[in-house]
Amino acid sequence: MSLSHLYAFVNAQENNLQRVDQQQPEAADTTKKESGSFIIDAEVQYSAKDSIRLDNENQKTYMYGDAQVSYQDVLLKAHTIVLDMDSSTALAYGTVDSLGNEIGLPVFTDPSGEYTMRRMKYNFKTEKAIIEHIVTEQGEGFVVGNKAKKIEDNSYCMKDAKYTTCDHHDHPHFYLNLTKAKVIPGKKTVTGPAYLVVEDVKLPILVPFAIIPTTSSYSSGFLFPSYRDEQVRGFGLTDGGYYWAASDYFDFMVKGDIFTNGSWAIRTGTNYKVRYKYGGRFNFQYITNIFSEKDLPDYSKTKDMAINWTHRQDAKANPYQTFSASVNFSTSSFDQNNINNLYNPANNNISTNTKRSSISYSKRWAGKPYNFSANLLHSQNSRDTTIDLTIPDLTFTVNRFYPFKKKDKVGTKENMLEKISLSYTGNLKNYVHAKESELGLDGESLANQWQNGVRHSIPVAMNLKFLKHFTVTPSFNYTERWYLKKIEQGYDEESQSIVNTDTINGFNRVYDYSLSAGTSTKIYTFFKPWRKLFGDKVDAIRHVATPSVSMSYRPDFGDSRYGYYDWFEYYDEERDEIVRHDYSYYEGSLYGTPGRGKSGSMSVSLGNTLEMKVKSDKDTTGFKKLKILESLNFSTSYNFLADSLKWQPVNMTGRTKLFGTNVNFGAQFDPYALDTLNGQVIRVNESVFSQQKKLFRMTSANLSFGLNFGSDTFKKKDRQDGTTDPNATQDDPNDLPPDPLNDQEFDPRAAFQGANASFVEGDDGYAKFEIPWNISINYSFRLTEDRQKFDPKKMAYDYKITSDINLNGNLSLTPKWRINFASGYSFDLKEIAHTNIGISRDLHCWSMNFNLVPVGRYKSYFFTIRVNSSMLQDLKYEKRNHPRDNDSFY
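Computed from a predicted model, the values in this text were never measured in an experiment.

Engineer: Would you mind going over the pattern of salt bridges with me for this structure?
Structural biologist: Under the criterion given, the structure shown has 15 salt bridges. Here arginine 655 makes a salt bridge to glutamate 630, at a shortest N to O gap of 2.9 Å. Residue arginine 655 is found in strand E40 (residues 650–658), and its partner glutamate 630 is found in strand E39 (residues 623–639); the two are separated by 25 residues along the sequence. By relative accessible area, arginine 655 is classed as partly exposed at 34%. Measuring nitrogen to oxygen at the nearest pair gives 2.7 Å for the salt bridge that ties glutamate 785 to arginine 697. Separated by 88 residues along the polypeptide, glutamate 785 in strand E47 (residues 773–791) and arginine 697 in strand E44 (residues 697–710) bring together distant segments of the chain. A relative accessible area of 4% means that arginine 697 is categorised as buried.

This is the structure we're talking about:
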C-alpha cells in the first residue's frame, strides 16, 4: 500500500486533533511546525507493502513490510519503520521469519554509500544516527560494528568493530578486532588498538593503531615488507617500498630487499596507459647476492640485473603507423639467482636458455605500395652467455606492381609485357654476436665487433599458362650489397694459421644475379580399397601429388673481373707441399658474398597427401573425409655445372595425425659416400650404392609429437541427434509440494544453485562426482651423425641420439583443491629436468600454496598461506627452503 507525501499527513493530523489556533486569522502552516516538530525542506515520500498505522495522539506513523522513507538524498528501507514527527526521527528494524532467519534488516543509503544494520534510529534534522550491528563495504573489505554512531559529516564512530575481507559478515573466517574505530566512507578507516582473530581464536598479534585506505581510486602509500629467514643470506626484509599513484595515466613503484649478510635488491616498475593511444609497463631489477663469508672457499658474490618492457599501441590510434615493444633482457645468471623463479610451475625461466626482445616500428602509406619498418632485436643464451644484437634493422619495401600494365584497358588481351611484375626490398642492419663479458659499445668495438651493411633485392617475375594444367613462372633476381670494409687474409708463420692481415675501410658494392624458371601441377589418383579388408565402410582413397620443377642459372662471381675473391699460397709443413688458399674479401659479412663457380641447377620437389572417404556414422547416406597423411614432401637439387657432388641431399618432411595427436617427422638422405683423406673425413664423388649397395646414406632424422588429454576427453558424448526420450517424464518445479514450514515453494534444486553451492546436479538428479584433470605430454627425438666418431669399416659416422620428454598437468581433487606439476626427462643426459609440484587450496577468503622442487640443482620448497585481498597482502605466513641453504631439505 502506498500513501501520499507528508504534506497531506500533517494536514490530516492537525484537522483531527483540532489544534489550529482559533485566534489566528490565517490558515495553519502545514509545512512547518514549532520547535520540536519536523521541519520539511523537501518532499518526503514513504510507503509500505503490508500496512501503515497512524498514531495521531503521539504524532507517530508505523509502517510494516518493505517499508521505505526517502527524503532529499537519503533512503531508508526496512521491514518496520516508525516515524516520530515531534523528534524528527525514524526508527528502523527487521523481523524474524518462521525459521528463525532475520529478514527485512534496515538498509540506509546516502551519498557516502549503502549500509546494512539490525537496528537504526536516524534524526533527519541533525543527520545523526545510533546504529546496532552495522555492515558496510569499504574498498575490498567489510567493516562490521556492533555499536556505531553516525555523525553529521557522514562518518561513523564504532566500538568493538570487525574489519575483514571475508563476505561471511556474521561469522567471518578471520577479522581484525577494532576496539575503537572511525570510518570515513570512501576514504579511510582509522582504528586504535586491534588484534587478529582467526576462526574465533584471538591470536597474540596486536596492532597499536592502523589506517586502512578505502578510496575507490588507487592512491599512493608505503609497501610493508615481508620477513624472511635464510641460512645463507641470513635475516631479511623483502618487497618493502613505496607506491606512487602519479596520475590517471601512469604510476610508479619501487621495492627493495635487504639481508643481514649484505645481500640486497631493488625493483622498480611503472604502468602507463593513454586511452585509445597506447599502454604498457616497464620493470627494472637489480640483485646483489652474497653467499657464505669472506675468506671462506665457498664465498661468492653475484650482481645481476633484468629489464622487462612491453608497449602496445591501440589499433584505433593510427591505422598506418604502429609501434610495439617486447623487451626481456637480463644477465645470464639472473634467473638462477632470483629465488622467485623457483616456485611457479608455469614460469620455467630457471631452465630457459634463450631470451628474446624486440622493439618494432612500422609505417605504410595510404594508397601507395610503400612500407617501412624499423626493428631493434636482441637474443641471448644464458648457457654460453652469448648475445646477438641487431641495432637497427631497417627495411623498406615496394609491393609487387606491374609497370607495363595499361591502366585503362578495355576488351583487349594482356600481352607478355603486361604480365611482368616487379618489387623491391631494401634492408639495413648493424649486428653483433659476442660474449656478454666481451660486448662493447665504444667506437673501437663498433668498428671491429659489429657487422653492418645494406642489401637491395629486386625480383622480376611473370606467370604464364602452359598446356592448361601447368603454370610457368620465369624470374630474374638481382641482389646488391653495400659494405663499409673488406678484409684481406694471409698466412702467419709463427702460429701456422690463416689470419686476417688488413682491414680496408671504404665503400664496397657487391652484387650478383640469377635466372630461374619453375612449373608445378597437381596429379589426383583414386583407387578402391580391398573390401575383404575394409568392408564397405571405406568408399575410396585419394592421393594428391604435387610435383614441381625449377631451373636456375648463376654465373661465376669468383672470376677476377668481379673483384670479390683473392688468393695466396703458403707452405704446409705437415703435407709438405705448397697450398693455395682462396678466400673472399667479404667472408663472414652480414649479407654474405656472391658464390663462386657457375651454377646451373635443377630443383625437384614432390608433395603428397592421402585422404580416405568413409561412410558417416551420423548419416547412413553421407560420407566424411579422413586425412591419413596430411603431408609428405621430398626435395633435392642437381647442379649441372658443378665439377663434382652435383646432387644435393634429399630432404623429407611429413606430418600426420594419430589418435587426435599431431605427429611431425623428417629426415635427410645423402646420395654420396664418405672417405678419408689425410686423416679427414670428406664426401667423395662416389655414390653410396656403389660403395655399400644402399641407395642413400641417412644423415639425420627427427620425430616429435604431443598428447593432450584430460577428464573432458573421456566424457560420454550427448545424443548425436540432440533429442530426448519422449516417454521420459520431467519434474516441473511449479508442481512441487509446498514447504509445510513456509508459504514459499520448496525446490530441492536450490541446493545446487548460488555462490555457496557445494555440488553439481547430474542428469539423474544426484550430485555429480567429478575430478577435472588434464595432462600434456610432449616428446622429441633427433638422430644425427656424430662427427667425432667415424667407423672406417662401415665408412660411416656413428649416430648420436638426442631425445627428451616433457610432462605437465593439473588435477582438481575438489573445487577447492588443485594440484599442478611440470617435469621432464632427458634420455641422452639421463637426468630429470627441472621439476615443480604445486598444491593450492582455496580457503574462501584465504588461500594456501605449497610448491616443491623435489630433485635437481634447485631442490627446495615454499609454503605460504595468505589473505586473498590485495589490501591485506602482508597478512600471511611463509616458510621456504632456498636451494643454497645448507640445512636439511625438509
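That was the structure; now back to the text.
Engineer: Can you help me understand the pairing of strand E19 (residues 226–230) in this one?
Structural biologist: Taking every second residue as pointing to the same face, the buried face of E19 carries Ser226, Arg228 and Glu230, while none of Tyr227 and Asp229 on the other face is buried. The pairing of E19 with strand E20 (residues 234–244) spans five bridges and is classified as antiparallel. Directly across from glutamate 230, in E20, lies its bridge partner glycine 234.

Engineer: What is the right way to look at the environment of lysine 615 in this model?
Structural biologist: Within the element layout of this structure, lysine 615 appears in strand E38 (residues 599–615). The partly exposed category is assigned to lysine 615, whose relative accessible area is 31%. Between the C-alpha atom of lysine 615 and that of aspartate 536, which follows or precedes it by 79 residues, the distance is 8.4 Å. Leaving out residues up to four positions away in the same chain, lysine 615 has contacts with Asp536, Lys537, Gly622, Phe623 and Lys624.

Engineer: Just checking my understanding: could you explain the pairing of strand E43 (residues 680–687) for this structure?
Structural biologist: Consecutive side chains along a regular strand alternate between the two faces of the sheet. Where strand E42 (residues 672–677) lies against E43, five bridges are found, and the strand directions are antiparallel. Directly across from leucine 677, in E43, lies its bridge partner glutamine 680.

Engineer: Help me out: how do you make sense of the nonpolar core in this one?
Structural biologist: Most often, soluble globular proteins keep nonpolar side chains buried together rather than apart. Residues Met63, Ile81 and Phe108 are the most contacted members of the largest nonpolar core, which totals 42 residues. Apart from the residues lying within four places of it in its own chain, the contact partners of phenylalanine 108 are Val74, Leu75, Leu76, Gly113, Glu114, Tyr115, Met117, Met120, Tyr122, Lys150 and Tyr156. Within the second largest apolar cluster, 13 residues are counted, among which are Tyr564, Tyr570, Val579 and Tyr586.

Engineer: Sorry if this is basic, but what is going on with a nonpolar patch on the surface here?
Structural biologist: Residues Phe476, Leu515, Val549, Met551, Tyr553, Val604, Phe640 and Leu641 make up a contiguous nonpolar surface patch of about 630 Å² in total accessible area. Top element by residues in the nonpolar patch is strand E35 (residues 538–554). It accounts for three residues. You can see valine 549 is positioned in strand E35. On the basis of relative accessible area, valine 549 is assigned to the partly exposed category, the value being 36%.

Engineer: Any chance you could explain the packing of aromatic side chains here in plain terms?
Structural biologist: Two descriptors summarise a pair of aromatic rings, namely the distance from one centre to the other and the angle between the planes of the rings. Enumeration according to the criterion identifies 35 aromatic pairs in this entry. Ring centres of tyrosine 779 and phenylalanine 827 lie 6.3 Å apart, and the angle between their planes is 70 degrees; this geometry places the pair in the edge-to-face category. Taken as a pair, tyrosine 779 in strand E47 and phenylalanine 827 in the loop between strand E49 (817–826) and strand E50 (831–832) lie far apart in primary sequence, 48 residues in all. By relative accessible area, phenylalanine 827 is classed as partly exposed at 39%. Taken together, the ring pairs in this structure connect Phe476, Tyr478, Tyr511, Tyr513, Phe557, Tyr562 and Tyr564 into an aromatic cluster. Between arginine 580 and the ring centre of tryptophan 567, over which it is positioned, the NZ or CZ distance is 4.1 Å. Just above the ring of tyrosine 565 sits the side chain of arginine 596; from NZ or CZ to the centre is 5.4 Å.

Engineer: Help me out: how do you make sense of the confidence of the model for the protein in this one?
Structural biologist: Low-confidence regions, as indicated by low pLDDT, have predicted coordinates that should not be scrutinised in detail. Confidence along the protein averages 80 in pLDDT terms, with 82% of residues attaining 70 or more. Predicted confidence is poor over residues 1–39, with pLDDT under 50, and the contacts of this stretch with residues over four places away or in other chains come to 57 contacts.

Engineer: Would you mind showing me how to read unusual backbone geometry here?
Structural biologist: One can expect most non-glycine residues to show negative phi and most peptide bonds to be in trans. In this chain, isoleucine 391 is followed by proline 392 through a cis amide linkage whose omega measures -5 degrees. Here proline 392 shows up in strand E28 (residues 386–401). Unlike most non-glycine residues, histidine 133 shows phi in positive territory, near 55 degrees. Among the structural elements, histidine 133 can be located in strand E10 (residues 129–138). Of note, aspartate 160 is a non-glycine position whose phi angle comes to about 55 degrees, a positive value. Note on placement: aspartate 160 falls in strand E12 (residues 156–164).

Rules used in this analysis
- Residues numbered from 1 in each chain as written.
- Predicted model: local features only at pLDDT ≥ 70, side-chain atom pairs only at ≥ 80, totals over all residues.
- Heavy atoms only, no water.
- Salt bridge = Lys/Arg side-chain N within 4 Å of Asp/Glu carboxyl O.
- Helix = DSSP H or I, 4+ residues; strand = E, 2+ residues; numbered from the N terminus.
- Buried < 20%, exposed > 50% of the residue type's maximum accessible area, 1.4 Å probe, protein only.
- Pairing = 2+ DSSP bridges.
- Contact = heavy atoms within 4.5 Å.
- Core = buried A, V, L, I, M, F, W, Y, C linked by side-chain atoms within 4.5 Å.
- Patch = residues over 30% accessible without salt bridge, like charges linked within 9 Å, V, L, I, M, F, W, Y side chains within 5 Å.
- Areas by Shrake-Rupley, 256 points an atom, 1.4 Å probe, with all protein chains shown as cover.
- Phe/Tyr/Trp six-rings, centres within 6.5 Å; stacked < 30°, edge-to-face > 60°.
- Lys NZ or Arg CZ within 6 Å of the ring centre and 35° of its normal.
- pLDDT = per-residue confidence, 0-100.

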